[in-house]
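# Architecture and fold: a report
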Amino acid sequence: MTGTASPQDPTAIRISNVSKTYGTYQVLKEIDAEVARGEVVVVCGPSGSGKSTLIRTINRLEEINSGSILFDGQNIHAPMKTSALNQLRSRIGFVFQSFNLFPHLSVVENVSMSPIRVKGVPAHKAHDKALLLLDRVGLADKAFSYPGQLSGGQQQRVAIARALAMEPPVMLFDEPTSALDPEMVGEVLAVMKSLAAEGMTMLCVTHEMGFARDVADRIWFIDAGRILEMATPEEFFSNPKHPRAQRFLADLRH
Amino acid sequence: MIHDMIAIFQDYWLLLLIGQYPNGPLGGLANTLILSALSIALAFPVSILMALARISKWRLLRWPVTVLVYVTRGVPLLMLILWSYFLVPLVTGADVPSFVTMLTTLVIYQGAFLSEVVRAGIVSLGHGQMDAAKALGHSYLGAMRYIILPQALYNMIPSILSTFVSTIKDTTLGYVINVPDLTFAASQVNNQLLTQPFQVFLILAIIYYAICWSITFLANRLERRITRKRAGLGGGRAAEALAMPAKIASEQL
């Protein structure tokens, strides 16, 4: 599953001059950023800073007012047929804060359904693949349960398996642990860490600074719709340059 | 009183069951059931299409259906039936059988009501499910078919059922345009007996009650089965689901 346009391009996602407004309120202000193939980027910042909006523009769950977002060399915000957009989206994994599992389907159906319906994978193959993925996130024994029977941490791991089932080259995480009880955060982060270790390209909005420190290649600090600082975890945590980032980190330590 | 009713039933059961058939058109209970079943079977898919049109981003789809729903909601069913009965032949010059007039009117009327129920079911699911479907690459219609509607329709079973039952009851209004249904047959019986209207119309009421109650009963069972399946058979939650009365039972009877 590498890009068709330019498989050699070392950039997985290129965000150029992206602005977005809700009415008169500007959420994103001329954002320029890149995610390299195999890179793990953590996006952090205070609430209301535009983190979630930014990540949702990458698979066009949110529209933008200007700029472009290139994924595998294709501008996902260009005017295009919805079928072309669906095709692009199917190659960008997305994990939501609120899991958004399909409650009317069993766990294994949640994971296997999209490969079957979207990619036309034969049902038995998708089913076997789903069981493998569930095993990988440690939930093989829950394959025939329904989402309502699982804990939050288990649901989020199913959601990760569901996204992986489409074999996306890129995974986006929108505050994947924010809706979880504290004791369940670890199991989800462990899955994300193992993904990162396998070389998955990841962009994670999260408040888990421990995860950012251990796993991220780079941290984007965002406030009021602007990326104020891009740094490695070492630089960011030991020597943040922007005063707003310094204040943010000081607040976290309290 | 009971004896009178049994006697009436013994004398006229065939008329109540199939009307004048085979010497005349099929009528009575058989025709009521056919009219009800066809109305529901057609109104249901029509209502889903109307609901999708109502939430569509295309005005060309949204506006006409919205107008239709508002007009239908604001006009008594009897008036719509009379309009179709007198106006359609005038405008088209075609001789439309009263059964077809009644069926069409019921499908549009109940379809409009049902479409509001379906729309409410879809809207109440929130954005999360559609977002997840889109993020996985599903098309809009694919997401509707496999993800949104199965949940929305399940959540709306009580209200959908309510509309089905009222569709069955509304078939009685076909009486005014001479649709030979059960009510029509009962009224013929009453015209022949002249002295026992209470008994005749009590029989009629009992039959309608039995039909509507069976629909409620069936939907109730269906809902419980789905609830049990989603709770996973066996285990604590399944037991909980079994102990919990299905929401229909309390709301409809």
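Residues numbered from 1 in each chain as written. Chains lettered and ligands numbered in written order. Predicted model: local features only at pLDDT ≥ 70, side-chain atom pairs only at ≥ 80, totals over all residues. Heavy atoms only, no water.

Residue and element names in this part refer to chain A. Confidence in the prediction for chain A averages 94 pLDDT; 97% of positions are at 70 or higher. Helix α9 (residues 243-253) is the least confidently modelled element of chain A, averaging 91 in pLDDT, while strand β6 (residues 92-95) averages 98, the highest of any element. The low-confidence segment residues 1-5, where pLDDT is below 50, has 11 contacts with residues more than four positions distant or belonging to other chains. (pLDDT = per-residue confidence, 0-100. Helix = DSSP H or I, 4+ residues; strand = E, 2+ residues; numbered from the N terminus. Contact = heavy atoms within 4.5 Å.)

What follows concerns the packing of helix α2 (residues 28-54) of chain B against helix α3 (residues 59-74) of chain B. Residue and element names in this part refer to chain B. Relative to each other, α2 and α3 sit at 120 degrees, their axes nearing to 8 Å. Overall, the two elements α2 and α3 adopt an arrangement that is oblique. In this structure, α2 meets α3 at a crossing whose hand is left-handed. From α2, M50, A53 and R54 reach across to α3, where they touch L61, R62, V65, T66, L68, V69 and Y70. (Axes fitted to C-alpha atoms, helices over the stretch in contact; angles between N-to-C directions. Parallel < 35°, antiparallel > 145°, perpendicular 65-115°, else oblique. Left-handed = near helix turned anticlockwise from the far one by under 90°.)

All names here are of chain B. Enumeration over the complete set of coordinates arrives at 9 aromatic pairs over all chains. Relative to F164, the ring of F44 lies with its centre 5.8 Å away and its plane at 85 degrees, an arrangement referred to as edge-to-face. Placement of F44 in helix α2 and of F164 in helix α8 (residues 157-170) is noted, with a sequence separation of 120 residues between them. Note on F44: relative accessible area 26%, which makes it partly exposed. Between the aromatic rings of W213 and F217, the centroid separation amounts to 5.2 Å while the plane-to-plane angle is 20 degrees, which identifies the pairing as stacked. Pair noted here: W213 and F217 are both in helix α10 (residues 197-231), with a separation of 4 residues, about one helical turn. (Phe/Tyr/Trp six-rings, centres within 6.5 Å; stacked < 30°, edge-to-face > 60°. Buried < 20%, exposed > 50% of the residue type's maximum accessible area, 1.4 Å probe, protein only.)

Our next topic: the nonpolar core. Counting residues in each nonpolar core, the largest one holds 79 residues, and the members touching the most others are I13, I15, L172, L203 and W220 of chain A together with I122 of chain B. The biggest single contributor to this core is α10 of chain B, with 8 residues. What L203 of chain A contacts, discounting residues up to four positions off in sequence, is V35, V41, V43, I55, I58, M171, L172, F173 and W220 of chain A. (Core = buried A, V, L, I, M, F, W, Y, C linked by side-chain atoms within 4.5 Å.)

This paragraph deals with the sheet that holds strand β8 (residues 201-205) of chain A. Residues and elements named next belong to chain A. The 6 strands are arranged β6-β7-β8-β3-β9-β10 in an open sheet whose pairing can be described as mixed. The two strands at the open ends of the sheet, each matched to only one other strand, are β6 and β10 (226-231). Each adjacent strand pair in this sheet contributes to an overall mean axis angle of 15 degrees, direction not counted. Relative to strand β7 (residues 170-174), β6 runs parallel, the two sharing 4 bridges. By the bridge assignment for β7, V95 is matched with F173. Its contacts with the sheet put α9 on β3 (40-44), β9 (218-223) and β10, and the angle it makes with β9 is roughly 100 degrees. (Pairing = 2+ DSSP bridges.)

Let us look at the side chain of N110 of chain A. Residue and element names in this part refer to chain A. Tracing the chain through its elements places N110 in helix α3 (residues 107-119). Overall, N110 belongs to the buried group, its relative accessible area being 0%. Polar contacts involving the side chain of N110 include one to the main-chain amide nitrogen of F102, which spans 2.7 Å. Of the polar contacts made by the side chain of N110, one reaches the backbone oxygen of L105; its length is 3.0 Å. Ignoring any residue separated from it by four or fewer positions in sequence, one finds N110 in contact with L101, F102, L105, P147 and R162. (Polar contact = N/O pair within 3.5 Å; in protein donor to acceptor, adjacent residues only side chain to side chain.)

On to α9 of chain A. All names here are of chain A. Among the residues of α9, those classed as buried are R244, A245, F248 and L249. The buried side chains of α9 occupy one side of the element, clustering within an arc of 135 degrees when seen end-on. Exposed residues on α9 whose side chains face more than 90 degrees from its buried face are P243 and R253. In this fold, the buried residues of α9 make contact with β3, α7 (209-215), β9, β10 and α8 (233-238). (Arc of directions from axis to C-beta.)

Taken together, L78, L82, F86, Y175 and V176 of chain B make up a surface patch of nonpolar side chains, about 420 Å² in accessible area. Within the fold, L78 of chain B resides in helix α4 (residues 77-92). (Patch = residues over 30% accessible without salt bridge, like charges linked within 9 Å, V, L, I, M, F, W, Y side chains within 5 Å. Areas by Shrake-Rupley, 256 points an atom, 1.4 Å probe, with all protein chains shown as cover. Salt bridge = Lys/Arg side-chain N within 4 Å of Asp/Glu carboxyl O.)

Residue and element names in this part refer to chain B. Helix length check: α3 (16 residues) gives 22 Å between terminal C-alpha atoms against 22 Å at 1.5 Å per residue, within 8%. Along α3, the positions that sit buried rather than exposed are V65, T66, V69 and T72. Down the axis of α3, the sector holding all buried residues measures 135 degrees, keeping them to one side. Relative to its buried face, α3 has exposed residues pointing more than 90 degrees away, namely R59, L60, W63, V67 and G74. On its buried face, α3 is in contact with α2, α4 and α5 (98-124). (Expected span 1.5 Å × (residues − 1).)

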